[in-house]
Amino acid sequence: SVRNKQTSSTTSMCGRAAYSTASFSSAASSLRCGHSVIAAASASSSSDTTTNNLNMSPGNSAQIFRYNHTSNSVCSTPMIWGLLPNNGSEKSPHLLPSDDSFTPSPHYIMFNARSETIDTKKSFHSLLRDGQSCIFAVDGYYEWTKSSSPIDKRKQPYFVKSSSPDTPLLLAGLWTQVKTGRRNNNQEETISTFTILTKEAHPKLAWLHPRQPCILNDSCVAREWLQNPSKALVDKILSLSNEQQQQQSNIKNEGTDPWECYPVTKKMNDAKYHGNDCTIQVKSKGRKLDSYFATSPSPGKRKKMEVKEDYYSKSTSQQDFEDKNAATKCSQQGENWDTLLPKEAASNEWSCHVCTLLHTNSKSQFLVCEMCGSERECTQHSV
């Protein structure tokens, strides 16, 4: 994801998200917002990036859900992604997106907050104590992996969304409103910003990034987060998430996974790209063996590459050994190896069921994914 030099590469994540009017409206209904909130979302223009931004990054604005204790209802407020915890000053004011000299850089410093330590960090502890919790409803979020292509070195973006159709992800967050340091119409100007809570990644997503957003899967828990946030509630949310992970790890069905994750266009690498294909799945291809010789290397380098090619071209005895191991595993799973597609007649390509990386040519013989290490699923055929 988009990272800032002032953030840790081991914790900084989820710097891009897909945000739309549809997700906002769906979340507004599940959170039992007033009709005025839902009607306002429905009436929004599709060109308004406040409600439609499939490549949203820190420094951009969105409608964020929070609880209004005066009216005792969930409402929405336009806020900028990336927390600014302190007031600006006359000499160094906070700028608004409408200012010509606005830059998103300050918002990259605190666009994430570790849920495990929000009660010990000064910037977050006071917000949690004062009940300034919020929810950011999105279609999904993006993460990046290193490219496996020898030609295109750009990182490969992946999109993570709910496996349930038309279901937004409700991301837990904290928000604040501070003074910009300027006056407007003889009144002090203010700016509202928010940050997203993160947690350890679900086992199914850990190959992509060790952290993920704190997702509120239950609407009742989501409302509780808005009305009465506390560290105890954060611990409860993390505990519920861990229990769900354990339950899902005991179920073999792939369809029970809570999220879908697939590669999308590398145009997403540009934070300014806002095409309609941002969230559309593309095929991710691994490195082909013949690409090692594409640049006519020197004899010494060619020898090293030939050794590497030998690594992929396994001997018959080694292949037989792997087939035997795979047969044993399938037998343990109650499957008949005799009904499995033999290597000689197998398709010349297969896609990983986790990261969807496409394995072609010699790599079609691999029993584990080259990118994420997931075991290849046994393919059955009729006999």
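Residues numbered from 1 in each chain as written. Predicted model: local features only at pLDDT ≥ 70, side-chain atom pairs only at ≥ 80, totals over all residues. Heavy atoms only, no water.

Undergrad: Explain the pairing of strand β4 (residues 73-81) to me, and be specific about the residues and the numbers.
TA: With 8 bridges connecting them, strand β3 (residues 61-68) and β4 associate as antiparallel partners. Along β4, the bridge assignment pairs R66 with C75. From the end of β3 to the start of β4, which pair antiparallel, there are 4 residues, and N72 there has a positive phi angle of about 55°. Across 2 bridges, the pairing between β4 and strand β10 (residues 187-200) is parallel. When the sheet's bridge partners are listed, I80 is paired in β10 with T193. (Pairing = 2+ DSSP bridges. Helix = DSSP H or I, 4+ residues; strand = E, 2+ residues; numbered from the N terminus.)

Undergrad: If you had to explain the sheet that holds strand β7 (residues 140-145) to someone new, which residues and values would you point to?
TA: Within the open sheet, the 5 strands sit side by side as β2-β1-β7-β8-β12. Their pairing is antiparallel. What marks the edges here is a single partner per strand, and that holds for β2 (53-56) and β12 (259-263). On average, each strand axis in the sheet is tilted by 25° relative to the strand beside it, whichever way the strands run. (Axes fitted to C-alpha atoms, helices over the stretch in contact; angles between N-to-C directions.)

Undergrad: Give me the packing of aromatic side chains: which residues, what numbers.
TA: What the rule picks out here adds up to 11 aromatic pairs. Their ring planes at 10° and their centres at 4.7 Å tell us that F24 and F65 sit as a pair that is stacked. Here F24 is found in helix α1 (residues 21-30), whereas its partner F65 is found in strand β3, with 41 residues between them in sequence. Taking relative accessible area as the criterion, F24 reaches 3% and is therefore assigned buried. The rings of Y19, W81, Y108, F111, F136 and F194 are connected pair by pair, giving a single aromatic cluster. (Phe/Tyr/Trp six-rings, centres within 6.5 Å; stacked < 30°, edge-to-face > 60°. Buried < 20%, exposed > 50% of the residue type's maximum accessible area, 1.4 Å probe, protein only.)

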